[in-house]
Amino acid sequence: MSFNNLDQLYRSVIMDHYKKPRNKGSLDENNVTIDMNNPTCGDRIHLTLKINDGLVEDAKFDGEGCSISMSSASMMTEVIKGKKVDDALQLADIFSKMMLGEDYSDKYDLGDVEALQGVSKFPARIKCATLAWKAMERGVQAESK
Amino acid sequence: MNDIRKYFPVLNQEVNGHPLVYLDSAATSQKPTQVLEVLKKYYEFDNSNVHRGVHTLGNRATDSYEGAREKIRKFINANSTEEIIYTRGTTTSINTVAAAYGRANVNEGDEIVITKMEHHSNFIPWQQLAKQQKAVLKFIELEEDGTISLETVRKTITPKTKIVAVTMASNVLGTINPVKEITEIAHENGAITVIDAAQGAPHMPIDVQDIDCDFLAFSGHKMCGPTGIGVLYGKKAHLENMEPIEFGGEMIDFVDLYDSTWKELPWKFEGGTPNIAGAIGLGAAIDFLNEIGLENIAKHEHELVEYAIAEMEKVGGISIYGPLDPSKRCGLITFNLDGVHPHDLATVLDMNGIAIRAGHHCAQPLMKWLQCTATARASFYMYNSKEDVDAFVAGLRMAKEYFNDVF
């Protein structure tokens, strides 16, 4: 086979985030902390969010996993930083629609996240891509309660 | 062995534009037409409940169901069919021993000994039993190459040990364990052994009387049989003293308002309508394995593993886990390719029609021991060929090139 099929999934921007993750690390313990894993494959994420007055001021992640899960985490932190909590949740919704191959709103500039669109054609890998977003949703919802 | 492929219709297909190369038989094996036809025939002509009808179909179903039990008895050389209990699979078999034997025989301060290479199915039942009974869970530590030394076994098992549970062959390291010798040491200390033969039964001859193990468990689906059927072998003396853990139809003798009595062995452990088709299918799978010959299967797998390890080493940047000596391992190879996460590798191979497993292989404590969160695994069976290995190794080279050079 050629690499063409693979290039649908592994776009260079994805590999760039995988090899040079943005917002890698951990915020101090006064912030929202979420640990999630994907028990079927062992992927793991530790996400910390600094949320003040309904605004995601900062986000950092740590973890272990494949290129899709780690690049998705990197892109997610990049796009939600500085966003309102409601916007972050809507972005998570948009991302989940993107993974299901459904139409989604073009209200937001998704930036690098758009590169993950190809994952929807690889059903076995969707869970890798959504892990970080699920962690973010859980963290934001816990904070807003 | 090259002839065998024709019995496996599933292998005759393309996946993502490439001929299917199925290297995930340690997760579940493919099924030969001999088994598929028996299942079809059962449902088309004999389908009926067992042990209750006076009618002809009921008799046919019962005869086939019990006939399969005799095939299983012979297959592992058990003393009697009373010692062969049908279960859902290895997990249910081991849980049955933990619940029915464990709770009655393991008390506070007693020891349960397992190894660090156990699959979760031969790990968590003991971990939870130890917790419930306030017993001590102990581990036989592994040697550096992923084998077990009898010296360590002798040091770990003590007169306080009540149960020793160990796998016949590791689903990750591929290590074949000296279960007969371990059983001897356990017995010297007054403990019983529970052998997880999920990766053993499909690949090597088993003689429970020679091993002298007290319990042994395996699954049908890994040995050419259907899913949802498995076996628990237990020595009659133990099974007779154990109380059933599932109550209901099929397993009772007399039912009174305030108490009941149980059927004799093995049926007292088979509450509810059993997986009749599954049992009959497993019987057909055993006929098939006998026809091919387990020695021939084991020899073929050893040849493939030896060839694959040599070819994989030529690729460079591949770490192989477990003993490198092919004679010490069963037909699977767990490994990592530098710079490529196992999921990414599995996707690249899948795009080439090659099915491998990636992840923790239901052995998280072993992953910790190996100091990795995930690994890739290629596992072979009788229907795999050197050409399959070549396709697999070509896929590895492609993944290496793609992830290390393209980006």
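Residues numbered from 1 in each chain as written. Chains lettered and ligands numbered in written order. Predicted model: local features only at pLDDT ≥ 70, side-chain atom pairs only at ≥ 80, totals over all residues.

1. Concerning the pairing of strand β7 (residues 161–167) of chain B
Residues and elements named next belong to chain B. Here is the rule we go by: Residues with at least 20 other C-beta atoms within 10 Å of their own are called buried, those with 12 or fewer are called exposed, and the rest are partly exposed. The C-beta atoms themselves are positioned from the backbone. The numbering of helices and of strands both runs from the N terminus, where a helix is a DSSP run of H or I of at least 4 residues and a strand a run of E of at least 2. Think of it this way: DSSP has to see at least two bridges between two strands before they count as a pair. Note on handedness: a crossover is taken as right-handed if, strands pointing away from the viewer, the path from the first strand over the helix to the second is clockwise.
Of all seven residues that make up β7, seven are buried, and the element is covered over most of its length. Bridge count for strand β5 (residues 111–115) against β7 is three bridges, and the pairing is parallel. Bridged to Val113 within β7 is Val164. Summarising the sheet, β7 and strand β8 (residues 192–196) pair through five bridges and their orientation is parallel. From the neighbouring strand, Val164 faces β8, where its bridge partner is Thr193. Between the parallel pair β7 and β8, the chain is carried across by helix α6 (residues 179–188), and the sense of this crossover is right-handed.

2. Section: the interface of chain B and chain A
We apply this condition: Residues are treated as contacting if the C-beta atoms built from their backbones sit within 7 Å of each other. Classification used: nonpolar for Ala, Val, Leu, Ile, Met, Phe, Trp, Tyr, Cys and Pro, charged for Asp, Glu, Lys and Arg, polar for all others including Gly.
Listed per partner, the contact involves 17 residues of chain B and 19 residues of chain A. Broken down by secondary-structure element, the contributors of at least two residues to the side of chain B that touches chain A are α11 (342–351), β16 (357–359) and α13 (386–406) of chain B. When residues of the side of chain B that touches chain A are assigned to their parent elements, the largest contribution, five residues, is made by α11(B). Residue composition of the side of chain B that touches chain A, grouped by class: seven nonpolar, nine polar and one charged.

3. Quick look at the domain arrangement of chain B
Residues and elements named next belong to chain B. Counted only if it meets this: What counts as a domain boundary in this text is fixed by an automatic or database domain assignment.
When the domains of chain B are assigned, the result is domain 1 (4–30 + 293–406) and domain 2 (35–291). Here the C-alpha centroids of domain 1 and domain 2 sit 28 Å apart. With 24 residues of domain 1 at the interface, the matching set in domain 2 holds 28 residues. Mapped onto the side of domain 1 that touches domain 2, the elements with two or more residues apiece are α10 (294–315), β14 (332–337) and α12 (364–370). Looking at which element gives the most residues to the side of domain 1 that touches domain 2, the answer is α10, with five residues. Here the side of domain 1 that touches domain 2 is built from residues that sort into 14 nonpolar, six polar and four charged.

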